[in-house]
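One-letter residues, chain by chain:
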2 protein chains.
Amino acid sequence: MTTPEAREEAVLEAVRKRRERVNDAIPEELPIQKPERLYEASRYLLDAGGKRLRPTVLLTAGESLVDAEPLTADYREFPTLYGAGEIDGVSSSDGADGPDAIDLMDAAVSVEVIQSFTLIHDDIMDDDDLRRGVPAVHREYDLETAILAGDTLYSKAFEIMLETGAAPERAVEALDILATTCTKICEGQSLDVTFEERTDVTPDEYLEMVEQKTAVLYAASACLPAVLLGADDETIDALYGYGLDIGRAFQIQDDVLDLTVPSEKLGKQRGSDLVENKQTLITVHAREQGVDVESLVDTNDVDAVTEAEIDDAVAELEAAGSIGYANEMARDLVAQGKERLEVLPDNEARELLFDIADYLIERGY
Amino acid sequence: MTTPEAREEAVLEAVRKRRERVNDAIPEELPIQKPERLYEASRYLLDAGGKRLRPTVLLTAGESLVDAEPLTADYREFPTLYGAGEIDGVSSSDGADGPDAIDLMDAAVSVEVIQSFTLIHDDIMDDDDLRRGVPAVHREYDLETAILAGDTLYSKAFEIMLETGAAPERAVEALDILATTCTKICEGQSLDVTFEERTDVTPDEYLEMVEQKTAVLYAASACLPAVLLGADDETIDALYGYGLDIGRAFQIQDDVLDLTVPSEKLGKQRGSDLVENKQTLITVHAREQGVDVESLVDTNDVDAVTEAEIDDAVAELEAAGSIGYANEMARDLVAQGKERLEVLPDNEARELLFDIADYLIERGY
């Protein structure tokens, strides 16, 4: 039996190897071209790093679907399920004709490009200065360039998704998923903004917002290979559900980490969500338990708050059972998400999807 | 023989009738739903007016292609060319199977939604206060909401374009045109911004910028019905070229009107492009003739400039032949665009496409 540390190490290694492939593909799909300043700004955050969790989920789900040994298949010439009949439980959707291979990396880059577009525009909206350890795009460049860079990535993501070489029926479905996902992300971001002015948000409302703002892109990432490779609807739905579950768990864990990880490890002030009155599942739960959440921290300035103030606030949230509530919710979502993967062939790639789900809530930061 | 006034009146009437249909369709395709504030902001400019020239070009091109009497066909159940063989010169692309009818109005609304998204984000970038006689979205709402409203319209345009019911091969091609069009609009807007800091922009560079920023959406509007209805490549290319030509002519005419139409008719200060040092084909040409364009108007404040100053500047631009140059360029582009329509059946809708082209440069404002 492997230790938790060894398992986490193996997950990180698997993610790292896929990240390298994705990093190689990004400049191929999104070269710096004229007008250079626009494309440099569009690439700025993509080049600054990121774990590439969403493309990793996408590529790994593809590997599991076609029963490929992880990292052995060429993502650019990825075997499809068309006409293959049944592979270890996963049947192709309708026996429709289609290509023998598609470029699955295009789909992986596309979802990462969407993620990057949302980060650029979100940083403008939140007026955040830093992202991934570098200045936000509207700080490094300017507001105009940042808006345009986001808009450029938006359409580029659609262009790239159209290049997979999948059969038109599948390509149309993939594009539809991408478009509705983007709409939901906007709706979720809009809800998040309105929540900042409300003190009566319920846990269910909060979870709905997280589903739209964060989880739908994980859901799209997980189900898109099934759509493009030609899997049946049951498989597509199961993978979509897996993505929604782990995406929500990911965000809840982020909320917990903001309170529990030392500032230097977190890369920003611990408890900044509390200071900035951002709603989290923890504060929403605490308020329902009668905690006066607005008074937990006096200041609204992250530079002025003390570690002692944060310690006291966290102690009060723990006493109300709110951190435990969030931890349990994240664990339940991950367990539910993993269960959905029963539809996939029992292979190493599916194990990795289990492990990624666990990692999202076990990670220290 | 009809008088120019009677012809312009007929064009305006034809545009008005299509505009009404488009106006009816917009709330159907983009209903106000939760979160309401987001969708209200997304609809704000669409509801504030606009000539709907791009959807009108799209619907009229569709009518000409299938040889329909203008305004008699149901845009929601629009007959296609699939399997119809040859209609008066326009052959279907490859005899591919496809539906008998598609929802062409979806495509028309989609391009108008894209246009509205670009206006919302452009107004933020230019920090403009007014649009279509109402406050810009970032003024009526706020910066965050305006960015998000634009982003929402962006993905909604793709969703709506996916609802036409066209055969998947055609839908994929239409989506590709929409995505590459959006990318070019961003590139054009980026060029426009960088031009403001340059004094050596050539007419060719300026025309390239206008092509990307403005004309490609006309080109997409003109060719999308051909793509969706299943016309051949020659027809698609000809309509795309028509759109590029009339789109560039439209922008050049806008530049001329900014100098020649009284402020009260223009709805803003006449000569504001000069005051704000915006490049136009006129200033770019004048600079090549040795005119010191930067000194034509002393102030950078549209509220401080006098009519006499504008008069003197216009006189100097006229003496340099720059206004005549722009007028001639617009006329040539319209003539070229009309010539391309030779591929269409000789019918009333094609006449209307000719007349729309003429109207774009003959309109008084």
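Residues numbered from 1 in each chain as written. Chains lettered and ligands numbered in written order. Predicted model: local features only at pLDDT ≥ 70, side-chain atom pairs only at ≥ 80, totals over all residues. Heavy atoms only, no water.

(A) Structural view of the relation of the copies chain B and chain A. Mapping chain B onto chain A is achieved by rotating through 180° and translating by 0.0 Å along the same axis, at an RMSD of 0.0 Å. These values place the two chain copies in the arrangement generated by a two-fold rotation axis. Closest to the rotation axis within chain B is the C-alpha of B:Pro168, separated from it by 2.6 Å. Residue by residue, 100% of the interface of chain B is reproduced at the interface of chain A, so both copies engage with the same surface. (Least-squares fit on C-alpha atoms with pLDDT ≥ 70 in both. Contact = heavy atoms within 4.5 Å.)

(B) A look at the environment of A:Asp237. Topologically, A:Asp237 is positioned in helix H9 (residues 233–260). When the C-alpha atoms of A:Asp237 and A:Leu352 are compared, they prove to be 19 Å apart, with 115 residues separating the residues in sequence. (Helix = DSSP H or I, 4+ residues; strand = E, 2+ residues; numbered from the N terminus.)

(C) Inspection of the packing of aromatic side chains at higher detail. Across all of its chains, the model carries twelve aromatic pairs over all chains by this definition. Ring centres of A:Tyr154 and A:Phe158 lie 6.3 Å apart, and the angle between their planes is 25°; on these two criteria the pair is classed as stacked. Highlighted residues: A:Tyr154 and A:Phe158, both in helix H6 (residues 143–161), separated by four residues, approximately one helical turn. Taking relative accessible area as the criterion, A:Tyr154 reaches 0% and is therefore assigned buried. Ring plane angle 25° and centroid distance 4.1 Å describe the contact between B:Phe117 and B:Tyr154, whose orientation is recorded as stacked. Separated by 37 residues along the polypeptide, B:Phe117 in helix H4 (residues 104–126) and B:Tyr154 in helix H6 (residues 143–161) bring together distant segments of the chain. B:Tyr154 carries the same exposure label as B:Phe117, and that label is buried. Members of the aromatic cluster, each reached through a chain of ring pairs, are A:Phe117, A:Tyr154, A:Phe158, B:Phe117, B:Tyr154 and B:Phe158. (Phe/Tyr/Trp six-rings, centres within 6.5 Å; stacked < 30°, edge-to-face > 60°. Buried < 20%, exposed > 50% of the residue type's maximum accessible area, 1.4 Å probe, protein only.)

(D) View of empty space enclosed by the protein. Residues and elements named next belong to chain B. One pass over the full model with this rule turns up four cavities of 30 Å³ or more. Of the voids in this model, the largest cavity is the one considered here, and its volume is about 60 Å³. Residue lining of the largest cavity: Pro-4, Arg-7, Glu-8, Val-11, Asp-355, Asp-358, Tyr-359 and Glu-362, and that is the complete set. Where the lining of the largest cavity is concerned, the elements lending two or more residues are helix H1 (4–29) and helix H15 (348–362). (1 Å grid on protein atoms, 1.4 Å probe; cavity = no way out; pocket = protein on both sides within 12 Å on 5 of 7 lines; lining within 4 Å. Points joined across faces, edges and corners; volume = space filled by probe spheres on them.)

(E) Highlighting the interface of chain B and chain A. Residue-level contacts link 36 residues of chain B with 36 residues of chain A. Looking only at chain B, the three residues that lose the most surface to chain A are B:Met125, B:Leu148 and B:Leu162, adding up to 17% of its buried area. The interface formed by chain B and chain A contains zero salt bridges. Here chain B is connected to chain A by twelve residue pairs in polar contact (both at pLDDT 80 or more). Looking at the side of chain B that touches chain A, the elements that each hand over two or more residues are helix H2 (36–48), H4, H6 and helix H7 (168–195) of chain B. (Buried area = accessible area lost by both parts, 1.4 Å probe. Salt bridge = Lys/Arg side-chain N within 4 Å of Asp/Glu carboxyl O. Polar contact = N/O pair within 3.5 Å; in protein donor to acceptor, adjacent residues only side chain to side chain.)

(F) Structural context of the packing of H2(B) against H4(B). Residues and elements named next belong to chain B. Packing of H2 against H4 leaves a shortest axis separation of 10 Å and a crossing angle of 105°. Accordingly, the angle class assigned to the pair H2 and H4 is roughly perpendicular. Listed contacts from H4 to Ala-41, Leu-45 and Leu-46 of H2 are Glu-112, Val-113, Ser-116, Leu-119 and Ile-120. When the residues that make up the contact of H2 with H4 are grouped by side-chain class, the tally is six nonpolar, one polar and one charged. (Axes fitted to C-alpha atoms, helices over the stretch in contact; angles between N-to-C directions. Parallel < 35°, antiparallel > 145°, perpendicular 65-115°, else oblique. Nonpolar A, V, L, I, M, F, W, Y, C, P; charged D, E, K, R; others polar.)

(G) Up close: helix H7 (residues 168–195) of chain A. Between its first and last C-alpha atoms H7(A) spans 40 Å; for 28 residues at 1.5 Å apiece the expected length is 40 Å, and the two agree. By the criterion of burial, H7(A) is predominantly enclosed, with 20 of the 28 residues buried. (Expected span 1.5 Å × (residues − 1).)

(H) Structural view of the state of the cysteines. All names here are of chain A. A complete count under the given rule lists zero disulfides over all chains for this structure. Lacking any disulfide linkage, Cys-182 is separated from the closest cysteine sulfur, that of Cys-186, by 7.0 Å. A relative accessible area of 2% means that Cys-182 is categorised as buried. We note that Cys-223 lacks a disulfide partner, and the nearest cysteine sulfur, in Cys-182, lies 13 Å from it. Taking the relative accessible area as the measure of exposure, Cys-223 reaches 1% and is therefore buried. (Disulfide = S-S within 2.5 Å.)

(I) Molecular detail of unusual backbone geometry. Between A:Lys34 and the following residue, A:Pro35, the backbone shows a cis peptide bond with an omega angle of -10°. Along the chain, A:Pro35 turns up in the loop between helix H1 (4–29) and helix H2 (36–47). Although it is not a glycine, B:Arg52 sits at a positive phi angle of roughly 60°. Positionally, B:Arg52 belongs in the loop between H2 and helix H3 (53–65). Judged by relative accessible area, which is 4%, B:Arg52 ranks as buried. You will see that B:Asp127, though not glycine, has its phi angle at about 50°, which is positive. By the element assignment, B:Asp127 lies in the loop between H4 and strand E5 (130–131).

(J) Geometry of the packing of H7(A) against H7(B). One can describe the packing of H7(A) onto H7(B) by two numbers: an axis separation of 8 Å at closest approach and a directional angle of 45°. By the criterion of interaxial angle, the relationship of H7(A) to H7(B) is oblique. In the crossing of H7(A) with H7(B), the sense of the turn from one axis to the other is left-handed. On H7(B), the residues that touch A:Pro168, A:Glu169, A:Ala171, A:Val172 and A:Leu175 of H7(A) are B:Pro168, B:Glu169, B:Ala171, B:Val172 and B:Leu175. Here the residues of the contact of H7(A) with H7(B) are counted per class, giving eight nonpolar, no polar and two charged. (Left-handed = near helix turned anticlockwise from the far one by under 90°.)

(K) Spatial organisation of a negative patch on the surface. There is a patch of like negative charges on the surface, built from A:Glu163, B:Glu173, B:Asp176, B:Asp233, B:Glu234 and B:Asp237. Contributions of two or more residues to the negative patch are made by H7 and helix H9 (233–260) of chain B. In terms of residues, the negative patch owes the most to one element, H9(B), which gives three residues. In this structure B:Asp237 comes out as exposed when scored by relative accessible area, which is 54%. (Patch = residues over 30% accessible without salt bridge, like charges linked within 9 Å, V, L, I, M, F, W, Y side chains within 5 Å. Areas by Shrake-Rupley, 256 points an atom, 1.4 Å probe, with all protein chains shown as cover. Lys, Arg positive; Asp, Glu negative; His and termini not counted. Charge placed at Lys NZ, Arg CZ, Asp CG, Glu CD.)

(L) Representation of the side chain of B:Arg270 within the structure. Residue and element names in this part refer to chain B. Checked against the element boundaries, Arg-270 lands in the loop between helix H10 (263–266) and helix H11 (272–275). Classification of Arg-270 as buried rests on a relative accessible area of 8%. Polar contacts involving the side chain of Arg-270 include one to the side chain of Asp-311, which spans 2.7 Å. Those residues in contact with Arg-270, other than ones at most four positions away along the chain, are Asp-258, Leu-259, Thr-260, Val-261, Pro-262, Ser-263, Glu-307, Ile-310, Asp-311 and Val-314.

Functional significance is not addressed by these values, which are geometric in nature.
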